[in-house]
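# Architecture at a glance
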Amino acid sequence: MSGRQQRDSFRTRAIHIGNEIDPATGAVVPPIHVASTFRQPGAGKWGEFDYSRSGNPTRTNLQNTLASLEGGCGALAFSSGMAAIHCVTMLLRSGDHVVAGCDLYGGAYRLLHKICNRSGIGVSLVDMTDPDAVAAAMNDNTKLVWAETIGNPRLTIPDLAALAAIAHQRGARIGVDNTFGTPALIRPLEHGIDIVMHSATKYLGGHSDCLGGTLAVSDQNLLDELYFIQNSTGAVLDPMSCFLVARGLKTLDLRIRAQSASALKIAEWLSTHSRVKEVLYPGLNSHPQHPLASRLFGGGFGAMVTFELDGSIDQTAKACEATRLFHLAVSLGAVESLIEQPATMSHASYDAEDRARFGISDGLIRLSVGLESFEDLQADLDNAIRQ
Ligand SMILES: *Cc1c(COP(=O)(O)O)cnc(C)c1O
């Protein structure tokens, strides 16, 4: 893409890059290409597209939008967020070691501990907010550091540039899951991170109506390696879902700013609530990494809020079941607000000891703040918490 296009603002690029006018018809929204195969110019001659696992015009459009929004040289779209993380782990070989955050998405925890271990890949979980602990956990076999820009469920914020320096000094790559952060608020490639990953199922799609995952990088060789793995293993995003994610991206900036603003108000209000023990939100002064978060994030601190209720596992479950607008469900990042109990839902795949060790207590509640009005969400939560 041209330099002039890259100088357009994030919001403008989200609408125009990858959404070029269809030359055949003038349509302002590119058609969805459902073809699985493409007629070739001759035997052994290849056009831009030949077979949809290897490349599809609708997927290419989405990948071009994503690469522009992340500030990378290219992006890949996968059938789910887990497929995208799995692709990164397939860069590793038997005997390699991964250092990952202890505030980790439950599915990533399971992939590392129950699947990657079968191929002889070791994993150590460390507190990513402590660069010294990360450095200490690295050994000569460490080939990958994996963190989340906003940890899950305790919403910890790692110092990306510090972690990138540690990884690179030891000859390892560093990837981050930016699902909670979104490229509208934070762009990890700008901080020296090698691979940025998203569950597009969440904010990028934004409407709870499709699954998808993405990777973006700023190094062409790394992009080629990841593409080779993706094409060889096949977990590509289908054209219809590519369209839905591309449509979601057009309003991403608007959505996440509005949702972050409501999340901050909810976090501030919960902090004053008599039934609430602790509120974890990077936008609050009380958050341990608030100054760092203020430097890294622009436009908001995300729309996930975690808090600890003063109550038992059953009382916490009851509060989660008592909301009217907040739906009791895993997932996050869409226009409708969701509520869940990490100990019994999103982080149930953690071993019980690891849950205790990493502060995933029975009273913890995680909110995904949607686009409903703040006042309605506040009244709904207040009613549920008081029961
Ligand atoms: C949902 C999620 C994933 C996994 O994505 P899927 O699309 O469900 O496969 C990974 N990381 C985070 C932070 C998530 O929220």
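For the structure, check the block above.
In what follows, the accompanying structure is described. (Residues numbered from 1 in each chain as written. Predicted model: local features only at pLDDT ≥ 70, side-chain atom pairs only at ≥ 80, totals over all residues. Heavy atoms only, no water.)

## Observations concerning the sheet that holds strand S9 (residues 304-309)
Within a sheet, neighbouring strands are paired by backbone hydrogen bonds and run either parallel or antiparallel to one another. Read from one edge to the other, the open sheet built from five strands follows the order S8-S9-S12-S11-S10, with strand pairing classed as mixed. Bordering the open sheet on either side are strand S8 (276-280) and strand S10 (327-328), each of which pairs with just one other strand. Alignment of S10 against strand S11 (residues 338-340), held across two bridges, turns out to be parallel. Its bridge partner being in S11, Leu328 is matched across the sheet by Ile339. (Pairing = 2+ DSSP bridges. Helix = DSSP H or I, 4+ residues; strand = E, 2+ residues; numbered from the N terminus.)

## A few points about the layout of surface pockets
If a probe the size of a water molecule is rolled over the atoms, the empty space left behind becomes visible. Volume-wise, the largest pocket comes out at about 280 Å³. For the largest pocket, the lining is made up of 17 residues, of which Thr60, Gln63, Ala75, Leu76 and Tyr227 are closest to its centre. Sorting the residues of the lining of the largest pocket by element identifies helix H3 (57-70), strand S1 (74-78) and helix H9 (220-233) as the ones contributing at least two each. Broken down by element, the lining of the largest pocket gets its largest block of residues, five residues, from H3. In terms of residue class, the lining of the largest pocket is built from seven nonpolar, eight polar and two charged. (1 Å grid on protein atoms, 1.4 Å probe; cavity = no way out; pocket = protein on both sides within 12 Å on 5 of 7 lines; lining within 4 Å. Points joined across faces, edges and corners; volume = space filled by probe spheres on them. Nonpolar A, V, L, I, M, F, W, Y, C, P; charged D, E, K, R; others polar.)

## Quick word on unusual backbone geometry
Cis geometry is found at the peptide bond from Asn152 to Pro153, where omega equals 10 degrees. Positionally, Pro153 belongs in the loop between strand S4 (142-148) and helix H7 (160-169). Even without a glycine there, the phi angle at Leu155 is positive, about 55 degrees. When you line up the elements, Leu155 lands in the loop between S4 and H7. Given a relative accessible area of 0%, Leu155 falls into the buried group. A positive phi angle, near 75 degrees, is found at Ser331, a position not held by glycine. With respect to the helices and strands, Ser331 occurs in the loop between S10 and S11. (Buried < 20%, exposed > 50% of the residue type's maximum accessible area, 1.4 Å probe, protein only.)

## Overview of the packing of helix H4 (residues 81-89) against helix H5 (residues 106-115)
To characterise two packed helices, one gives the angle between the axes of the helices and the distance between these axes. At a minimum axis separation of 11 Å, H4 and H5 run at an interaxial angle of 35 degrees. In the crossing of H4 with H5, the sense of the turn from one axis to the other is right-handed. Contacts from Met82, Ile85, His86 and Thr89 of H4 reach H5 at Gly107, Ala108, Leu111 and Leu112. The residue inventory of the contact of H4 with H5, partitioned by class, reads five nonpolar, three polar and no charged. (Axes fitted to C-alpha atoms, helices over the stretch in contact; angles between N-to-C directions. Left-handed = near helix turned anticlockwise from the far one by under 90°. Contact = heavy atoms within 4.5 Å.)

## Observations concerning the pattern of salt bridges
Scanning the model with the defined rule gives 10 salt bridges in all. The salt bridge partner of Lys143 is Asp96, with a shortest N-O separation of 3.5 Å. With Lys143 in strand S4 and Asp96 in the loop between H4 and strand S2 (97-101), this pair connects stretches of sequence that are 47 residues apart. Residue Asp382 is joined to Arg386 by a salt bridge in which the shortest nitrogen-to-oxygen separation is 3.0 Å. (Salt bridge = Lys/Arg side-chain N within 4 Å of Asp/Glu carboxyl O.)

## What about empty space enclosed by the protein?
Overall, the coordinates contain two cavities of 30 Å³ or more when judged by the stated rule. Elements that contribute at least two residues to the lining of the largest cavity include exactly H3 and helix H10 (239-249). It is H10 that contributes the most residues to the lining of the largest cavity, four residues altogether. In the lining of the largest cavity, the residues fall into eight nonpolar, four polar and two charged. Here the second largest cavity defines a volume of roughly 30 Å³. Mapped by element, the contributors of at least two residues to the lining of the second largest cavity are H4 and S4. For the lining of the second largest cavity, the element with the most residues is H4, which contributes three residues.

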